[in-house]
Amino acid sequence: MYAITVEDLVKKFGDFTAVNNLSFNIESGEVFGLLGPNGAGKTTTISMLSTMLKPTSGNASVNGFDIRTNEDDVRKSIGIVFQDQSLDEELTAYENMDFHGRLYRIPKNVRQKKIIELLELVELDDKKDNLVKTYSGGMRRRLEIARGLLHEPKVLFLDEPTLGLDPQTRNHLWDYIEKLNKEKGITIILTTHYMEEADKLCHRVAIVDRGQIIALDTSEKLKNDIGGDVITIVSQQKDDLYSIIRSLSEIKSIEVHDNFITIGLQNAEKHVAKIVTMASENGITIESLSIHKPTLEDVFLHFTGRTIREEEASTKDKMRMMMKGRR
Ligand SMILES: Nc1ncnc2c1ncn2[C@@H]1O[C@H](COP(=O)(O)OP(=O)(O)OP(=O)(O)O)[C@@H](O)[C@H]1O
Ligand SMILES: [Mg+2]
């Protein structure tokens, strides 16, 4: 049975379409990622699946329950960690957990046992009586995950679980998330704009952009489809370079971007000298050149012509993108 099914899901805010016809299924026991830049529609999607937001059209079910007609059963069967922190700062970790447990009407004796067990799982049991306002960002995130698991959900939604955390804390959290999936068999749907996170954690990744899925598969498959290696060349004369090397038989794909060219090919190290020689013979200056194995970033770039990082670069970019989306 699928843990989640999504069919032609749409969310409009006025005449702006934030989620545009999403369809996908998530297997029970899967870790599924929605990867995309700011404003892609990730949180909106999660909000609809967790019944926080009504879809404009389309269907979806979670744990077999219809998100439109069976909201209560959907809510009881899921755990959710929101993108924005939702802990009570003035309460201790234990009290935050206890409050949540009472909301879900978990009997006192079960609640007490379960809270300790979960705080041990995320290694916060020794700090259970400290006020949350004294917690670090990583500790808060771990507490929110523990809280989301208190009523033993089969499906856990994690909206940007490691946003803004340092790399070490992020790695640590990834271990917990993997453990939850492997040891407890919990289906996890997470959103992220960190490609490393999607790469590391997710069995399958849906790359979303402007409310649409532009690619969906295992990270391995998505990267392999780009083909072998990627050479990135930064040059002012990128267009000249493009016309000179485009017909080389070794090159599988070549794309021109703002101030650089990306080339997809097998065994890049064997062919790179030839490309550089051709450039210099034609008086083209190469500012920098790098060779790497394709990442999910390359996949995003391939489908959208933009990089996720570029999208993250400035608020101006974000505004521009939103304006484009609205047009
Ligand atoms: N309540 C709302 N009213 C109007 N527009 C909204 C509302 N909520 C979201 N949007 C717009 O819908 C788009 C998708 O937003 P959403 O929060 O789903 O993106 P996201 O992928 O989660 O981005 P981020 O990575 O920044 O969290 C954005 O352009 C956003 O401005
Ligand atoms: Mg979001």
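Analysis parameters
Residues numbered from 1 in each chain as written. Chains lettered and ligands numbered in written order. Predicted model: local features only at pLDDT ≥ 70, side-chain atom pairs only at ≥ 80, totals over all residues. Heavy atoms only, no water. Axes fitted to C-alpha atoms, helices over the stretch in contact; angles between N-to-C directions. Helix = DSSP H or I, 4+ residues; strand = E, 2+ residues; numbered from the N terminus. Parallel < 35°, antiparallel > 145°, perpendicular 65-115°, else oblique. Left-handed = near helix turned anticlockwise from the far one by under 90°. Contact = heavy atoms within 4.5 Å. Nonpolar A, V, L, I, M, F, W, Y, C, P; charged D, E, K, R; others polar. Buried < 20%, exposed > 50% of the residue type's maximum accessible area, 1.4 Å probe, protein only. Pairing = 2+ DSSP bridges. Near = heavy atom within 4 Å. Polar contact = N/O pair within 3.5 Å; in protein donor to acceptor, adjacent residues only side chain to side chain. Areas by Shrake-Rupley, 256 points an atom, 1.4 Å probe, with all protein chains shown as cover. Patch = residues over 30% accessible without salt bridge, like charges linked within 9 Å, V, L, I, M, F, W, Y side chains within 5 Å. Salt bridge = Lys/Arg side-chain N within 4 Å of Asp/Glu carboxyl O. Donors = N, O, S within 2.8 Å, 3.2 Å for Na, K, Ca; no water. pLDDT = per-residue confidence, 0-100. Phe/Tyr/Trp six-rings, centres within 6.5 Å; stacked < 30°, edge-to-face > 60°. Lys NZ or Arg CZ within 6 Å of the ring centre and 35° of its normal.

A. Geometry of the packing of helix α5 (residues 137-148) against helix α6 (residues 167-184). Relative orientation of the contacting elements α5 and α6 amounts to 10°, with a least axis distance of 10 Å. Regarding the angle of α5 to α6, the classification is roughly parallel. Between α5 and α6 lies a crossing whose hand is right-handed. Within the contact between the two elements, α5 uses Gly138, Arg141, Arg142 and Ile145 and α6 uses Thr169, Leu173, Tyr176, Ile177 and Leu180. Class assignment of the residues belonging to the contact of α5 with α6 gives a composition of five nonpolar, two polar and two charged.

B. View of the pairing of strand β13 (residues 260-265). Of all six residues in β13, six are buried, a share of seventy percent or more. Here β13 shows a buried face lined by Phe260, Thr262 and Gly264 and a second buried face lined by Ile261, Ile263 and Leu265. Across six bridges, strand β11 (residues 229-234) lies against β13 in antiparallel orientation. Counted as the bridge partner of Ile231 is Ile263 from β13. One ladder, built from five bridges, connects strand β12 (residues 251-256) with β13; its direction is antiparallel. Paired with Ile251 across the two strands is Leu265, which belongs to β13. Hairpin connection from β12 to β13: three residues lie between these consecutive antiparallel strands.

C. Focus on the site of ligand 1. Residues in close proximity to ligand 1 total 14 residues, the closest being Asn38, Gly39, Lys42, Thr43 and Thr44. The separation between an oxygen atom of ligand 1 and a polar main-chain atom of Ala40 is 3.1 Å. Within the side chain of Gln83, one N or O atom sits 2.9 Å away from an oxygen atom of ligand 1. When the free accessible area of ligand 1 is taken as 640 Å², the share hidden by the protein chains comes to 71%. Among the elements that line the shell around ligand 1, the one with the most residues is helix α1 (residues 42-49), at three residues. Its residues assigned to classes, the shell around ligand 1 comprises six nonpolar, six polar and two charged.

D. Seen up close, a nonpolar patch on the surface. A cluster of nonpolar side chains, contributed by Phe99, Leu103 and Tyr104, occupies part of the molecular surface with about 320 Å² of accessible area. Summarising the element assignment, Phe99 is placed in helix α3 (residues 93-103).

E. Quick peek at the coordination of the magnesium ion (ligand 2). Every protein donor of the magnesium ion (ligand 2) is listed here as Thr43 (OG1) and Gln83 (OE1), and their distances to the metal cover 1.9 to 2.1 Å. Highlighted residues: Thr43 in helix α1 and Gln83 in the loop between β6 (78-81) and α3, separated in sequence by 40 residues. Judged by its relative accessible area of 28%, Gln83 is partly exposed.

F. Summary view of the confidence of the model for the chain. Per-residue pLDDT for the chain has a mean of 91; in total, 94% of the residues score no lower than 70. Taken together, the stretch residues 313-327 has pLDDT below 50 and engages in 12 contacts with residues farther than four places along the chain or on a different chain.

G. Spatial organisation of the sheet that holds β6. Spatially, the six strands line up as an open sheet ordered β6-β7-β8-β3-β9-β10, and their pairing is mixed. Taken across any chain shown, the strands that pair with only one partner, and hence form the sheet edges, are β6 and β10 (212-217). Recorded for the sheet is a direction-independent mean angle of 15° between the axes of neighbouring strands. Pairing geometry for strand β7 (residues 155-159) and strand β8 (residues 187-192), over five bridges, is parallel. By the bridge assignment, Asp159 is partnered in β8 with Thr191. Contacts from α1 reach β3 (31-35), β6, β7, β8 and β9 (204-209) within the one sheet, and its direction differs from that of β8 by about 150°.

H. Geometry of the environment of Asn59. Within the element layout of this structure, Asn59 appears in strand β4 (residues 57-62). Taking the relative accessible area as the measure of exposure, Asn59 reaches 39% and is therefore partly exposed. In the structure, Asn59 is positioned 36 residues away from Ser23 in sequence and 9.1 Å away in space, judged by C-alpha atoms. Not counting residues within four places of it along the chain, the set of residues in contact with Asn59 comprises Thr5, Val6, Glu7, Leu9 and Arg68.

I. Up close: the packing of aromatic side chains. By the definition in use, this model includes one aromatic pair. Relative to Phe32, the ring of Phe24 lies with its centre 5.0 Å away and its plane at 15°, an arrangement referred to as stacked. In this structure Phe24 comes out as buried when scored by relative accessible area, which is 6%. Note that Arg170 overlies the ring of Tyr194, its terminal NZ or CZ placed 3.7 Å from the centroid.

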